[in-house]
Amino acid sequence: MAPFISIKNISKKYGNFSAVDNVSFNLQKGELFSLLGPSGCGKTTLLRILAGFEVSNTGSFEIDGHDMDNVDPADRPVNIMFQHYALFPHMSVFNNISYGLRRTSLPKSEIKSRVEELLELVRLSGMSERKPKTLSGGQKQRVALARALARRPKLLLLDEPLAALDKKLRSDTQFEICKIQEQLGTTFIVVTHDQEEAMTLSTRIGVMNEGKLIQLGTPKEIYEQPQTSFVADFVGEISFLEAVVKENKNTHWLMQAAVPIYVSSDSNFNVGQKVKLALRPEKISLTSRPTGNINEFKVDILDFAFYGAGTQYRVIGPEGVKLKLYQSHNQPSKANSPMLKTGFVNFSPEAIIVLES
Amino acid sequence: MNYFFQRFGRQIVIWLPLAWLLLFFMLPLIEMINVSFSEARRAVPPYNPAFQFGPGGISFQPVVDNYYLIYEYWEDYLWPAVNSIRLAFFSTLYCLLFAYPMAWWIARSNKSLQHILLILVLMPFWTSSLLRMYALIGLLNPNGFINDILIWAGVTVIPIQMMQTDFSIYAGMVLTYLPLMILPLYASLVRLDGSIIEAAADLGARKWDIFKTIILPLSIPGIIAGSLLVFIPAVGEFVIPALLGGPEQLMLGKVIWTEFFRNRDWPVASAIAIILIAIIILPIVYARYQDKEGIS
C-alpha cells in the first residue's frame, strides 16, 4: 500500500546551517505522528516546509500521491494550528472558524452548518459571537483547532498545541485532541519538545536532533528501545553507566562497569568493547536489605523528591556511580522512609538498554 | 527628601505635565474664547475683554457680534473653509497612500534596519519646515531642477507649470506631514503578528484578500491616528499654501491671518479660529462617542 504522506530527503539550509537535514518518513492515513526534539532541532522548520511557508532545498513531499512542491500554501490540503493560535483578533469565533470556508465556493447555509458542527466538536457551542480576547487559553486553543479543521485538510499540522496551556488543562486537552483525531480520521503531525505530550498523544514518534530524524517508532519502542543515548536521555529520565564487555555467559553478557553487571541482550558484542548501559528509574528497586538479586549493589541516598504517586531518589554507588530511581507508592515500603541514608539497588538483566559508547 | 518623593512622586508625575498643558494650552485657548466674545476697539490690545478682573472688580460683558458677523457674511468664509477641508482631506489621503507601503515595509524589515529607517523618516524634522518649502520651490519652479531635466530629456519644450497649483500644495503638504502618518501606521503594523498573516494564507486567502480582511482592519487604529495627526494641522495650515499655492488658494489659515494682521480685528479672527476648532473636534468627539456605544 502506497503511503498516504510521503516525505523524502527533505533538507533546508540557512547559509551553512542545516535546519533540516535529509529527513524522510512515511505516514499512513489517520496516523497521529509526533515530531519530538529540543528547541532548534528543526522540527518547526520541517512543519513550515510541509505547510508551504518555507521552501526546502532538496526533497519531495507527497500527499495521497500528489506532489506538493509547487503548491501554494493556500491550495495545499494541509492546515496548521499555530503555537500561539494566531486567531484573528478582530473577528468573532464564528468568523475565525469560517474564514477558510468563506474562501471556497460553499454556499452560506453549508458554511453555517459546518461551523456549528465544528463548534460542537470542540465543545464551544453558543460561543460563536465571542471575540478571541474574551476567551480563556483553552477555549482559544479549541477555536484554533476548529479553524484548522474547517477545510477538512488531509493533513493537519499542530505546532506545540499544548505549550501555552497550564498542566491540568494540558492533560485534558491531550485526550480531547486524540478523541477528535480518531473521530475525524485526519492525519495529524504534532510538533513538540515535550516528551510526555508526544508519548501520550501519538501513534508514532519521530525524534529529531540537529536537523536529523534520529529514531522513528511507537512511543513504547522509543521509550524501551532507544537507539542512541540522545533519544534515551531526551525521552524520559534515565541513568547511564560506562561499561566494558567482559564475557558471554550463555543467556547473559557480563559487563564491567563500576561493578559487574549482567545484561540480557540479543545483540552480539566483542569482548573488550566499550558500551553505555542505560537504566530507566522505574526499573530499579531500592531496598533496605540485600535481596540476592543478580544485579545488586549498595548505595548511599543523596536526595529524594516526593511526587505523590511515587518518590524519585538520586543515589550514589561504588566508584561514584550515580543513578536516578523511582519507587512507586503502590505498596508500603520501608525503603521509602525519608530516614533511610543507605540502601541496596537491584535491577533485572532485561531492564538494561545497551547503547554504543 | 526621599520621603517626599515616595509620598508625592506619583502626584508630581501626573500633575507637572497637566500643569504645563493647563498653563500653555488651556489658558491661551480660554483667552482666545474670551477674545472671540469681546468687542473690537482701536487700542492696545485691540479689543475690550469680555471677561476681566482687576482693580475695578470683575466685569463680564460678552458680545456675540463677531460670530454674528461671520454668520452674516458666511459666504465669504464658506469657500475658504471648504477649500481648507478639501486640501486637508486630499493631503491626508495622499499621505496615507504614500505612508502605508512605507510603514509596512519598515515594520516587516529586520530590527536593526527598522531603527535606521525610522530615523530616516524623522530626518526631515531636523531642518526647518520653511527651508524645506523653499527647497521644494527650487525644484518645482518653471526654471527649477525638475523642469530643467524634463527639457533636457526632451519630454517638454516649454517648462511645465507646477508651482502655484494644487500639485505644489499637495507636494508641500505630503512632504511636511508624511512622518506623522508613517509613525502611527508603523506602530500598528509592527504589532501585527506574522503568524496571523500565515494563518490567513494557510486558510486559502490570496495576497489582496489577506490585505483586505486581515492587515487593513487590524491597522485601522493606526490609520485613524495618522489621519488625525495630518488632517488637524493641515486644515489650519497657512505657510504651505501661502508659499506654494496660487493667489486664488484662499484657506481659513490665510483668512485668520488677514483678520489678525491686516484688519487688526482680533475678536473676529478668534471667532473664526474657534469655529474651525469646533468643526474639527466635533466629528472626533462624535466618533469616539459612537465607538463607546458600540462596545457596551
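Student: Help me get a handle on the overall build of chain B, residues and values and all.
Tutor: If you tally the helices and strands in chain B, you get 13 helices and four strands. Rg of the C-alpha trace for chain B: 24 Å, well past the compact-globule value of 19 Å for 296 residues, more than 25% over. A principal-axis box enclosing the C-alpha atoms of chain B has dimensions of 75 × 70 × 45 Å. Counting the 296 residues in chain B, one finds 27% classified as buried.

Student: Outline the sheet that holds strand E4 (residues 58-63) of chain A, supporting the account with residue identities and numerical values.
Tutor: All names here are of chain A. Reading across from one edge, E2-E1-E4-E5 is the order of the four strands in this open sheet, with antiparallel pairing throughout. Where the open sheet ends on each side, the last strands, each with one partner, are strand E2 (17-27) and strand E5 (66-67). The sheet strands contacting helix H1 (residues 43-51) are strand E1 (5-14), E2 and E4, and the helix crosses E2 at an angle near 65°.

Student: If you had to explain the interface of chain A and chain B to someone new, which residues and values would you point to?
Tutor: Interface extent is often summarised as the accessible area lost during association of the parts. Tallying the contact residues gives 16 residues for chain A and 14 residues for chain B. A per-class count over the side of chain A that touches chain B returns nine nonpolar, five polar and two charged.

Student: Give a detailed account of the sheet that holds strand E11 (residues 239-249) of chain A, specifying residues and quantitative values.
Tutor: Sheets are built from strands paired through backbone hydrogen bonds, the pairs being either parallel or antiparallel. All names here are of chain A. Overall, antiparallel pairing links the five strands, which are arranged E13-E12-E11-E14-E20 in an open sheet. Edge positions in the sheet fall to strand E13 (260-263) and strand E20 (353-356), since each has one partner strand and no second. Each strand axis lies, on average, 45° off the axis of its neighbour in the sheet, ignoring direction. Taken together, the five bridges between E11 and strand E12 (residues 252-256) define a ladder with antiparallel strand orientation. The residue of E12 that forms the bridge with Lys-249 is His-252.

Student: So, the pairing of strand E3 (residues 32-36) of chain A: which residues are in play, and what are the values?
Tutor: All names here are of chain A. When you tally the buried positions in E3, you get five out of five residues, the bulk of the element. Burial of the side chains of E3 extends over both faces: Leu-32, Ser-34 and Leu-36 are buried on one face and Phe-33 and Leu-35 on the other. Pairing of E3 with strand E9 (residues 204-209) involves four bridges; the strand directions are parallel. In the strand pairing of E9, Leu-35 is matched with Gly-206.

Student: Tell me about the nonpolar core, and please be specific about residues and values.
Tutor: Core analysis: the biggest nonpolar cluster contains 90 residues, and Leu50(A), Ala146(A), Leu157(A), Ile189(A) and Val345(A) have the highest contact counts within it. Two domains share this core, each providing at least three of its residues, namely domain 1 (5-234) and domain 2 (239-356) of chain A. Setting aside its immediate chain neighbours within four residues, Val345(A) contacts Ile284(A), Ser285(A), Leu286(A), Glu296(A), Phe297(A), Val299(A), Val315(A), Leu323(A) and Leu325(A). Among the nonpolar cores identified, the runner-up in size contains 44 residues, and Ala171(B), Met181(B), Val230(B) and Val235(B) belong to it.

Student: How would you sum up the environment of Phe347(A)? Please name residues and give values.
Tutor: All names here are of chain A. Turning to its location among the elements, Phe-347 is positioned in the loop between strand E19 (342-346) and E20. On the basis of neighbour counts, which here come to 20 C-beta atoms within 10 Å, the residue Phe-347 falls in the buried class. As for Phe-347 and Asn-95, which are separated by 252 residues in sequence, their C-alpha atoms are 58 Å apart. Aside from chain neighbours lying at most four places away, what touches Phe-347 is Leu-279, Lys-283, Ile-284, Ser-285 and Asn-295.

How each quantity is defined
Residues numbered from 1 in each chain as written. Chains lettered and ligands numbered in written order. Predicted model: local features only at pLDDT ≥ 70, side-chain atom pairs only at ≥ 80, totals over all residues. Helix = DSSP H or I, 4+ residues; strand = E, 2+ residues; numbered from the N terminus. Rg over C-alpha atoms; globule rule 2.2 N^0.38 Å. Buried ≥ 20, exposed ≤ 12 C-beta atoms within 10 Å, placed from the backbone. Pairing = 2+ DSSP bridges. Contact = placed C-beta atoms within 7 Å. Axes fitted to C-alpha atoms, helices over the stretch in contact; angles between N-to-C directions. Nonpolar A, V, L, I, M, F, W, Y, C, P; charged D, E, K, R; others polar. Core = buried A, V, L, I, M, F, W, Y, C linked by C-beta atoms within 7 Å. Domains from an automatic or database assignment.

Any functional reading would require information that these geometric values do not contain.
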